[in-house]
Amino acid sequence: MRGARLTMLSAMGLAYASLSIAAGDPGRGAMVFNGTCIACHGSDGFGSLPGVPDLTGRTGLLSQDDAVLLKRMTEGFQSPGSPMAMPPRGGDPALTDADLKAVLRYMRKEFKNAP
Ligand code: HEC
């Protein structure tokens, strides 16, 4: 009896987890950011290495269209004269398109004065 109840509870937990990933939830975005992007962009988005741009500010880079940002995050990006490139999917090919959408939402929510 007890075992059956536990099995049911963990099945519900799994269903909940996959639902929230499909919706691109902020928890997923935080995990992706803190696992991959933070190395170069820093926890607050100001950039922690030379050549990494400041992603904060209402009229800053994150105010560009989702389509532009998601393309650059997916394919990688280097602006003219920039000493360093943004690697495709932040250098982690395992990140899905949904992960990148979730992390974009996370950055807009967390960074100072973000759009
Ligand atoms: C190895 C360092 C590095 C990692 C890891 C990294 N980035 Fe970047 N990112 C950069 C650099 C450098 C640029 C600026 C490229 C340029 O302008 O030439 C950049 C630019 C950006 C931009 C601005 C694009 C634009 O339009 O100017 C966004 C958004 C971004 N990164 C998001 C992310 C996300 C999300 C992750 C994690 C999935 C991530 N980055 C991981 C180095 C990194």
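Our subject is the structure that appears above.
As the structure is a prediction and not an experimental result, all values here were calculated from the model.

Draft legend 1. The coordination of the iron atom of the ligand, seen in detail. Donor atoms from the polypeptide that bind the iron atom of the ligand are His41 (NE2) and Met86 (SD), placed at 2.0 to 2.1 Å. Each of the 6 donor atoms bound to the iron atom of the ligand contributes to angles spanning 88 to 179°, and the resulting shape is octahedral. Of this pair, His41 sits in helix 2 (residues 26-41) while Met86 sits in the loop between helix 3 (66-75) and helix 4 (97-110); the two residues are 45 residues apart in sequence, bridging distant segments of the chain.

Draft legend 2. Looking closely at the site of the ligand. Close contacts around the ligand come from 26 residues, with Cys37, Cys40, His41, Ser79 and Met86 the closest. Between the ligand and Gln64 there is a distance of 2.8 Å, counted from an oxygen atom to a side-chain nitrogen or oxygen. Contact between the ligand and Arg72: an oxygen atom at 2.7 Å from a side-chain N or O atom of the residue. Looking at the shell around the ligand, the element that brings in the most residues is helix 2, giving 4 residues. Taken together, the residues of the shell around the ligand break down into 17 nonpolar, 8 polar and 1 charged.

Each value, and the rule that gives it
Residues numbered from 1 in each chain as written. Predicted model: local features only at pLDDT ≥ 70, side-chain atom pairs only at ≥ 80, totals over all residues. Heavy atoms only, no water. Donors = N, O, S within 2.8 Å, 3.2 Å for Na, K, Ca; no water. Tetrahedral: all angles 85-135°; square planar, octahedral: opposite > 155°, others 65-115°. Helix = DSSP H or I, 4+ residues; strand = E, 2+ residues; numbered from the N terminus. Near = heavy atom within 4 Å. Polar contact = N/O pair within 3.5 Å; in protein donor to acceptor, adjacent residues only side chain to side chain. Nonpolar A, V, L, I, M, F, W, Y, C, P; charged D, E, K, R; others polar.

On their own, these measurements won't tell you what the molecule is for.
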